[in-house]
Structure formats: C-alpha cells, structure tokens
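Close look at the chain arrangement
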Amino acid sequence: MLLRKSTVLVTGGGGFIGSHLCEKLLNDGHDVICVDNFYTGSKNNIRHLISSPGFELIRHDITWPLYLEADAIYNLACPASPIHYQRDPIQTAKTSVIGAINMLGMAKRLKIPILQSSTSEVYGDPKVHPQTEEYWGNVNPIGPRSCYDEGKRCAETLFFDYHRQLGINIKVVRIFNTYGPRMQPDDGRVVSNFIVQALKNEDITIYGNGSQTRSFCFIDDLIEGLVKMMDTPPGVTGPINLGNPGEFSVKQLAEMIVELTGSKSKIVYHPLPQDDPVQRKPNISKAIEILDWKPSVQLKEGLEKTIEYFRELLAHL
Ligand code: UDP
C-alpha cells in the first residue's frame, strides 16, 4: 500500500503506458522518478511533466545496475510492440531478464513493493480461451516472438522466486492489448497502424484474413488497474490479467476505424506474421474480485479519443 506521498520509480516511464502512469502518480500527489533509455519511449510523452516539482527524469538502461531510493517500483521498461521488440531481440530478452534482476535487487535492498508489467504474450498462441491466469500458455521458445514472450515468462519466474526465496513484495500483472493517446504512429501495432492509415486515406493492412481476435483495453482503464494492484496488501502477488474482455476480430476493428474516421481507405490483405496468436481474450474474474477493477471504456469510445489524438498529431507532423 503506497503512503499518501511516496517516491515511486517507474521504469519505462517515457513509454506509452509509462507516461500515463507517471502522470497519474503525480496527480495522486506522489513524487515520480521516471527511468527510460528512450529506445522506444519518447520525451514528447513526458515533456509536459518535466516542470512538475515532483518529477525526475533519468536516462538509463535497466540492463545496467541502478542505485536509487524509492518507496515502490513499477517495472514497465521493455519494447512491447512486435516490430520494436524484434528489432534487437537480444536486447529485448536482456531488458526483460537482466532488467528484472536489477529492479528486484533494488526492491530487495530497499524492502519495497515491485510491480511487474507482464503480458498476455506469456500465453503465446493460446489453446485455452478466454485466458485464465492458471493457463500455462502455448509459447514457441525459438521463434521471432520468443525474445519477448520467453523474456517476460522468465521475468515472472524471477519475480516469484524472489518472492518465495526472499519474501519480496511482488505484484505481477499480465497486460492485454492496450491502446490510446501517445501510442506511437509507427510502432506497427494494429490500432495505431489502422488509425494512421485511415486518417491518411491509405490502404488498411490486414495481416492474414483478419479473423484473428484481440481484446483492446483503453489506457485510462489500464492505469487504474495498475494503481489498484500496487495498492493491494503484501501477499497479493498475482499474476492478475488486466485487459478488456470485449473480443474483436482484426477485420471488425478495421471496419470500425474506417467508419469512425469517415475514411476512403480500402482494406488490403498481407501475409500473417509467424506465430501470430489466433485468438486472445482475458478472463478478468481475478481482477474483478481482488482489485474491484473492470474496464469501463467501450472500444468505440476509446477509439474516438485515440483517433482525435492521431488527427492532432498528424496535423502537426
Ligand atoms: N495486424 C494487422 N495489421 C497491422 C498490424 C497488425 O492485421 O497493420 C494484426 C497482427 O497480425 C495481429 C493483430 O493485428 O494479429 C494485433 O497485432 P499487434 O501488433 O497490435 O499486437 P499483438 O497482439 O500481435 O502483440
């Protein structure tokens, strides 16, 4: 449980999710130390926070040791979109694994809670649907997604071993596809790709036949879930799924975005990337029961806000 004014370390604080979290923590009255190496994060995401007296920014790569004083850690640092995490897969695995060891070491030295942003990718191409936390997943250990999937799985292993062996107060959440303002226009993700393509009246690129499904959670909902998880008493370790259980095919998403933007784009089909999961949808019973959390933003409403953001962004590029 965070005291009213704590100093909170957010690794990956310059990223899409991290920057929203830094903002929320500052608004809640905490001091924030944002650590980012800006491999995929951006200073533009946090520029508006720099002048806040409670905000500190450190450019640092968490695969290297870091010695700071803080009251809690949110470990978010890692490239998360497939094109970004596959660009330098060795570094992705190092960030997940060595980064986790460094941050767990800090949590151990300071005796503070640490939250790990794990991912629905730990379920791989799931054979259990919707995915519950008990499911062990179906992950290729040697494919192009493995650096991220297995890196994040190993990080979970480390978190639970530090908890069992050393009594560290860990909080593990598995984040499902999240979208909203401050996604990067070129991060290759389906929501940002389709919106940018639609706004430019360019072809909408569906990979495969578009029947694969995802469940999309709006950023504000996710941030609330992260904060609620950190606020649980010691002993509540997770893993807990955080995501919106509304399930949509990629084709449905494309059609929705074309309609909401009033775009003249047409849909084109490209080959499906290797190991692309066929279906994904969180079972969030645990989050509802333990965190009293469930998402409240419907896809259409969240997409409208995200489209607005990209419209502004593209107008100023
Ligand atoms: N996708 C697509 N067109 C794009 C980008 C992604 O059809 O321009 C598909 C992708 O193949 C996957 C889904 O959309 O099936 C979600 O992809 P994303 O990269 O957003 O996240 P993932 O859930 O795969 O990590």
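**Quick notes on the overall build of the protein**
In terms of helices and strands, the protein carries ten helices and 13 strands. Here the protein has a C-alpha radius of gyration of 19 Å; the compact-globule value for 317 residues is 20 Å, and the two agree. Seen through its C-alpha atoms, the protein measures out along the principal axes to roughly 55 × 45 × 35 Å. Of all 317 residues assigned to the protein, the portion counted as buried reaches 55%. Summing over all exposed atoms, the protein offers an accessible surface of approximately 13,900 Å²; the carbon and sulfur share of this is 53%. Between the mean site of the 33 positive side-chain charges and the mean site of the 36 negative ones, the protein shows a separation of 2 Å.

**Some points on the packing of helix 8 (residues 250-261) against helix 10 (residues 299-315)**
Their axes nearest at 10 Å, the elements helix 8 and helix 10 cross at an angle of 60 degrees. Considering the angle they form, helix 8 stands oblique to helix 10. In this structure, helix 8 crosses over helix 10, and the sense of that crossing is right-handed. Listed contacts from helix 10 to Leu253, Met256, Ile257, Leu260 and Thr261 of helix 8 are Leu299, Lys300, Leu303, Glu304, Ile307 and Arg311. Its residues assigned to classes, the contact of helix 8 with helix 10 comprises seven nonpolar, one polar and three charged.

**Some remarks on helix 7 (residues 219-230)**
The end-to-end C-alpha separation of helix 7 is 17 Å, in line with the 16 Å expected for twelve residues at 1.5 Å each. Taken across its twelve residues, helix 7 has nine buried, putting it largely inside the fold. All of the buried residues along helix 7 are Ile219, Asp221, Leu222, Ile223, Gly225, Leu226, Val227, Met229 and Met230.

**Section: the packing of aromatic side chains**
Counted under the stated rule, the structure contains five aromatic pairs. Between tyrosine 85 and tyrosine 148, the ring centres sit 4.4 Å apart and the planes meet at 5 degrees, which makes this aromatic pair stacked. Placement of the pair is tyrosine 85 in helix 3 (residues 82-85) and tyrosine 148 in helix 5 (residues 146-166), with a sequence separation of 63 residues. The two residues tyrosine 85 and tyrosine 148 agree in class, both being buried. Geometrically, the ring pair formed by tyrosine 179 and phenylalanine 218 is edge-to-face, given 5.5 Å between the ring centres and 65 degrees between the ring planes. Note that tyrosine 179 is positioned in strand 7 (residues 178-179) and phenylalanine 218 in strand 10 (residues 217-218), a separation of 39 residues in sequence. Just as tyrosine 179 is buried, phenylalanine 218 falls in that class too. Taken together, the ring pairs in this structure connect Tyr123, Tyr135 and Phe176 into an aromatic cluster.

**Concerning the sheet that holds strand 1 (residues 7-11)**
Spatially, seven strands are ordered 3-2-1-4-5-6-11 in an open sheet, and the strand pairing comes out parallel. The open sheet has two edge strands, strand 3 (55-59) and strand 11 (240-242), and neither has a second partner. Across the sheet, the mean angle from the axis of one strand to that of its neighbour is 20 degrees, orientation sign disregarded. Set on the sheet, helix 1 (residues 16-27) makes contact with strand 1, strand 2 (31-36), strand 3, strand 4 (72-75) and strand 6 (170-175); between it and strand 1 the angle comes to about 170 degrees. In the packing of helix 4 (residues 89-110) onto the sheet, contacts are made with strand 1, strand 4, strand 5 (114-119) and strand 6, and the angle to strand 4 comes to roughly 170 degrees.

**So, the packing of helix 6 (residues 190-199) against helix 8**
Relative orientation of the contacting elements helix 6 and helix 8 amounts to 35 degrees, with a least axis distance of 9 Å. Regarding helix 6 and helix 8, the two cross each other, and that crossing is right-handed. Residues Val190, Val191, Phe194, Ile195, Ala198 and Leu199 of helix 6 form the contact with helix 8, whose participating residues are Val250, Leu253, Ala254, Ile257 and Thr261. Across the contact of helix 6 with helix 8, the residue classes tally to ten nonpolar, one polar and no charged.

**Remarks on the nonpolar core**
Core analysis: the largest hydrophobic core is formed by 57 residues, its most contacted members being Val10, Ile17, Tyr74 and Leu226. For this core, the element with the most residues is helix 7, which contributes seven residues. Judged by nonpolar contacts, the second largest core, of 25 residues, contains Met103, Ala107, Ile170 and Val172.

The rules behind each value
Residues numbered from 1 in each chain as written. Predicted model: local features only at pLDDT ≥ 70, side-chain atom pairs only at ≥ 80, totals over all residues. Heavy atoms only, no water. Helix = DSSP H or I, 4+ residues; strand = E, 2+ residues; numbered from the N terminus. Rg over C-alpha atoms; globule rule 2.2 N^0.38 Å. Buried < 20%, exposed > 50% of the residue type's maximum accessible area, 1.4 Å probe, protein only. Areas by Shrake-Rupley, 256 points an atom, 1.4 Å probe, with all protein chains shown as cover. Lys, Arg positive; Asp, Glu negative; His and termini not counted. Charge placed at Lys NZ, Arg CZ, Asp CG, Glu CD. Axes fitted to C-alpha atoms, helices over the stretch in contact; angles between N-to-C directions. Parallel < 35°, antiparallel > 145°, perpendicular 65-115°, else oblique. Left-handed = near helix turned anticlockwise from the far one by under 90°. Contact = heavy atoms within 4.5 Å. Nonpolar A, V, L, I, M, F, W, Y, C, P; charged D, E, K, R; others polar. Expected span 1.5 Å × (residues − 1). Phe/Tyr/Trp six-rings, centres within 6.5 Å; stacked < 30°, edge-to-face > 60°. Pairing = 2+ DSSP bridges. Core = buried A, V, L, I, M, F, W, Y, C linked by side-chain atoms within 4.5 Å.

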